[in-house]
Amino acid sequence: MGHKIDIPLMDRGIVSVAGEDAGEFLQGLITNDINKVTKNSAIYAALLTPQGKYLYDFFVVDFEGQFLLDCKTENIPGLIKRLTMYRLRAKVTIACKTSTFAVRVMLDIDSRDVSAKAGSAKTQVDSVSYIDPRHAEMGERTIQLIDKNELSSPAKTLMEKNRAEYDAKRISLGIPESFTDLIPQKSLPLEVGFDELNGVDFGKGCYVGQEVTARMKHRNLVKKRLFPITFDGEIASGTLVTAGDIHAGEIHSAQKGRGIAMLRLDVFENGQLLANGVKVTPQKPVWMAV
C-alpha cells in the first residue's frame, strides 16, 4: 500500500470556456482533440504559436456544460488574451474562474501502480476529479468549487513538504513543468514529449501550429529531447551540459540530485556529460519512445 498525500496546487488556476461554439472553438486551437473531453474523460493539451512553439499548456475537463482549463495561474491573463484574440464571432464566453475553483492532487508517492487509466474522470455535484492524463503516477487531480464557509489554510510547512514530494515525483518521471521545462515561444511540443504524454492528437483536424508539429513528427526532425537526469552535486536550472567540447544541452528542473535536462539526441548516450563539472546521467523514462 502506498503513501497518499493531498496537495493543494496553489499555483494553478481555472479558465472557463463556455457557449454553444465552445467545443468547435477550442478544437481549432489546441493540440488535442476536444471531442475526447466528456464527463468520464479529461485531456492534456497546449496552445501553440503559428510557428508551432509552445505558449500555454493545460488540462481540460467538462463541468456543468463548460470546459474548464486547469493551468498555471500566472498564465491565465495571457491565455485569456490569446483565446479572446481568436474568438472573432464565435458564440463563446471566456472567463477566469480561479476565485471560484480550487485545484488539488492526491498523489501516491510510493506506489508504481498505474492501473487507473490516465485521463479517466468522474464528476460530483461540486467537483471534477481525474487521473492525470500525462501519466497515471502523477495522481488524481480535483477541480472543486470553493466553499467559502469551509476555507482553511493547510500548515505552510506541511504544504511545502507535500509540494516538494509532488515535484520530486514529476521530475523522476521526466514530466515537464510550465516555465521551468516548457519555455514559451521556444519549446517545441515533440521535443518536450507532448505527444507521448497524451497532449497531441495527430488524427484531428487543423489547429494553430499543427503544420510544423506534424512535419516534425512525420519527417523525424526531433533532434533534442527532455530527459530525467541524476547527478551528485549542486546544479542550478539553466546550467549548460557539455560532452567534451560539445554543447550537449541545458539543465531545466533540478531538485536534490535529480532533474530534467534538454539534451541533444546525438550525444546524450555517448561520452560523459557534465554540468558545471558535475557528472550528469540521463535516463529514458518508460513512456518515451526515443
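Refer to the structure above for everything that follows.
This write-up is about the structure you can find in this document.

Rules used throughout
- Residues numbered from 1 in each chain as written.
- Predicted model: local features only at pLDDT ≥ 70, side-chain atom pairs only at ≥ 80, totals over all residues.
- Heavy atoms only, no water.
- Pairing = 2+ DSSP bridges.
- Helix = DSSP H or I, 4+ residues; strand = E, 2+ residues; numbered from the N terminus.
- Axes fitted to C-alpha atoms, helices over the stretch in contact; angles between N-to-C directions.
- Buried < 20%, exposed > 50% of the residue type's maximum accessible area, 1.4 Å probe, protein only.
- Salt bridge = Lys/Arg side-chain N within 4 Å of Asp/Glu carboxyl O.

1. Description of the sheet that holds strand S9 (residues 127-131)
Taken together, the five strands give an open sheet; going across it, the order is S1-S7-S10-S9-S8, and neighbouring strands pair in antiparallel fashion. Each end of this open sheet is capped by a strand with a single partner; those strands are strand S1 (4-8) and strand S8 (121-123). Pairs of neighbouring strands in the sheet enclose a mean axial angle of 15°, with direction left out of account.

2. Focus: the pairing of S9
In terms of residue burial, S9 counts as a mostly covered element, since five of its five residues are buried. Every second residue of S9 is oriented toward a common face, with Ser127, Ser129 and Ile131 on one face and Val128 and Tyr130 on the other, all of them buried. Pairing geometry for S8 and S9, over three bridges, is antiparallel. By the bridge assignment for S9, Thr123 is matched with Val128. The hairpin turn running from S8 into S9, its antiparallel successor, is three residues long. Relative to strand S10 (residues 140-145), S9 runs antiparallel, the two being bridged by five bridges. The residue of S10 that forms the bridge with Ile131 is Glu140.

3. Side note on the pattern of salt bridges
Within this structure, the stated rule accounts for 21 salt bridges. With its nearest N and O atoms 2.8 Å apart, the salt bridge here joins Lys36 to Asp201. One end of the pair, Lys36, is in the loop between helix H1 (22-27) and strand S3 (43-48); the other, Asp201, is in the loop between helix H3 (156-173) and helix H4 (210-218), and 165 residues separate them in sequence. With a closest N to O distance of 3.0 Å, Asp181 and Arg170 form a salt bridge. Of this pair, Asp181 sits in the loop between H3 and H4 while Arg170 is found in helix H3, placing the two residues 11 residues apart along the sequence. Grouping residues by exposure puts Asp181 and Arg170 together as buried. One continuous salt-bridge network, built from bridges that share partners, spans Asp11, Lys72, Arg163, Asp167, Arg170, Glu177 and Asp181.

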